[in-house]
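Close look at the chain arrangement
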Amino acid sequence: MIFKKDVLIYGAFTLTCLVTVSLYKSQQVIQEDRAWSFFVTIVLESMGGMYFVSIGQFSESFLQMMFGGVLGQFIDWMSRKNAIIMVTHFNNFSILIATFILLKDSLPSGSHLLYLSIFLCAINRLFLNAEKSIISRDWIVALNHESALARQNATLTGFDQLLNVLSPVVVGTLVTSYGIHQTLTIFAIGSMVSLILKSTFLYFTYNSNSCLQTRRNLKHYKIVAGSDSDLPLLEESHFSEPKHKGVFSTYYRQTTFCASLGMALFYKTVMGFDNLAVGYATTSSNLSIFTIGALKSYGAVAGMAGVISYAFLEKRFGLVRAGYVGLVVQQVFSLLAVTTIWMPGSPFLVGNDVISDGPSMSVFLVAIASSRFGLWCLDMAVTHSMQLHVPESEINTVFGFHMALCQTFSVPKEMLVIVFPEPSHFALYILSSYFCVTLGQYFFYLYARKVKE
């Protein structure tokens, strides 16, 4: 049964995901894209090529790494009402101002205004992540009983991934039909419409649910016995008292530290079917773009299947066992991806300048696409666990720092590929990725040992 509060929160979250800004550096398939992010990449490439797209990506990553946790801690010190007002306005108005700057016909490639627009897009990403975290990690926990969290997480993730597939298609149609400048105008108007609709949804959600107007504070609690429903609560208050503790110390002392650290290690991989994997396939094989795109779509379907399966498995077997299912599936297909290094057709065997018709690349892409079932199932288990065990007064601090940590593990991988781009080097990236994935799974195992269901 879907309640009014669910419809309102789903609507607000969908509008949030729709305008995600992410300046990734591929013209073909862009990871974690939505409508605005895909369009910004097109605009920056048309103005200054991949140089400006790379600057944008670096700015985004740097701001997220440096300020993600600090912003989350600042949000925890505020009331939920003031926090959501702040992040939604920063989110949408940064898009609006960046759009006005990019609309200038005579904007030269070295203009300070162009760099300002790139910086505004990075600011948008920082506050966009905070907005998504507030809705899907904080408000969802307050609005629902813990038994409903798995289903709600699956629903929100479903909306997120669906927009990930549809938004680039919509943007491509708009740019083809109306051109860049007219599409910029559409986004400027859409940003304000989105802000109004989101504010309306969130206003009615906040005022009709008293649980959002208070924060629960959990005692320090080690998960060595008992079920999740045994979590003790302290008295509620409108504002959480400022805790003069570092962001990392807050993250580290959580009982879910091992699980969340393990999840962050998964970002240090080239086996996620992102831009790097696509580039590896296109330069090292005769596979058509259609085939690679079809396999990427299969990976998206496998990921969605993992999300749905987690909700089903958690309800019947518990959080930890559902996470173990994802761990095993991910491990099996990650091992299969590693074996492709020595299969016929591998650049590691034939060299950089020779393209072979062997099965190595096809098997690699099928393996990493299939592994997304396990990845998303395990990701949902870790996220669900953090929602259950992190105090509400610290939840934005923890999730903010977690996103920053994930980004920190991701950036060095991309820098290595930039410095050593030869396809034959990819074998080393695959091996190091497998090591990080396995280490991340081991950290989840350490966490799971403490849990008694």
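Residues numbered from 1 in each chain as written. Predicted model: local features only at pLDDT ≥ 70, side-chain atom pairs only at ≥ 80, totals over all residues. Heavy atoms only, no water.

- Under an unreviewed UniProt entry, the chain has the name Solute carrier family 40 member and belongs to Caenorhabditis latens.
- Annotation of the chain in UniProt includes, under Subcellular location (unreviewed entry), the sentence "Membrane".
- You can read under Sequence similarities (unreviewed entry) in the UniProt record for the chain the words "Belongs to the ferroportin (FP) (TC 2.A.100) family. SLC40A subfamily." (UniProt positions renumbered as here; feature names shortened; annotations may be inferred.)

Section: the environment of Leu-126
- Tracing the sequence through the fold places Leu-126 in helix α5 (residues 112–143).
- Note on Leu-126: relative accessible area 8%, which makes it buried.
- In sequence terms Leu-126 and Met-403 are 277 residues apart; their C-alpha atoms lie 10.0 Å from each other. (Helix = DSSP H or I, 4+ residues; strand = E, 2+ residues; numbered from the N terminus. Buried < 20%, exposed > 50% of the residue type's maximum accessible area, 1.4 Å probe, protein only.)

Description of the side chain of Asn-144
- Inspection of the secondary structure assignment puts Asn-144 in the loop between α5 and α6 (149–207).
- Under the relative-accessibility criterion, Asn-144 is labelled buried at 11%.
- A distance of 3.0 Å separates the side chain of Asn-144 from the backbone oxygen of Ile-140, its partner in a polar contact.
- At 2.9 Å, the side chain of Asn-144 forms a polar contact with the side chain of Gln-152.
- Excluding residues within four positions of it along the chain, Asn-144 makes contact with Lys-5, Asp-6, Leu-149 and Gln-152. (Polar contact = N/O pair within 3.5 Å; in protein donor to acceptor, adjacent residues only side chain to side chain. Contact = heavy atoms within 4.5 Å.)

Some words on the nonpolar core
- Core analysis: the largest hydrophobic core is formed by 73 residues, its most contacted members being Ile-9, Ile-75, Val-87, Trp-139, Tyr-310 and Phe-444.
- Formed jointly, this core draws a minimum of three residues from each of two domains, domain 1 (4–212) and domain 2 (247–450).
- Setting aside residues no more than four positions away along its own chain, Val-87 makes contact with Ile-75, Phe-127, Ala-130, Glu-131 and Ile-134.
- Counting residues in each nonpolar core, the second largest holds 25 residues, with Met-271, Ala-369, Ala-427 and Tyr-429 among its members. (Core = buried A, V, L, I, M, F, W, Y, C linked by side-chain atoms within 4.5 Å. Domains from an automatic or database assignment.)

Let's talk about the packing of helix α8 (residues 257–265) against helix α13 (residues 360–389)
- Direction vectors running N to C along α8 and α13 enclose 145 degrees, while the axes themselves pass 10 Å from each other. α13 is crossed by α8, and the crossing has left-handed handedness. For the pair α8 and α13, the contacting residues are Ala-259, Ser-260 and Met-263 in the first and Leu-375, Leu-378, Asp-379, Val-382 and Met-386 in the second.
- Here the residues of the contact of α8 with α13 sort into six nonpolar, one polar and one charged. (Axes fitted to C-alpha atoms, helices over the stretch in contact; angles between N-to-C directions. Left-handed = near helix turned anticlockwise from the far one by under 90°. Nonpolar A, V, L, I, M, F, W, Y, C, P; charged D, E, K, R; others polar.)

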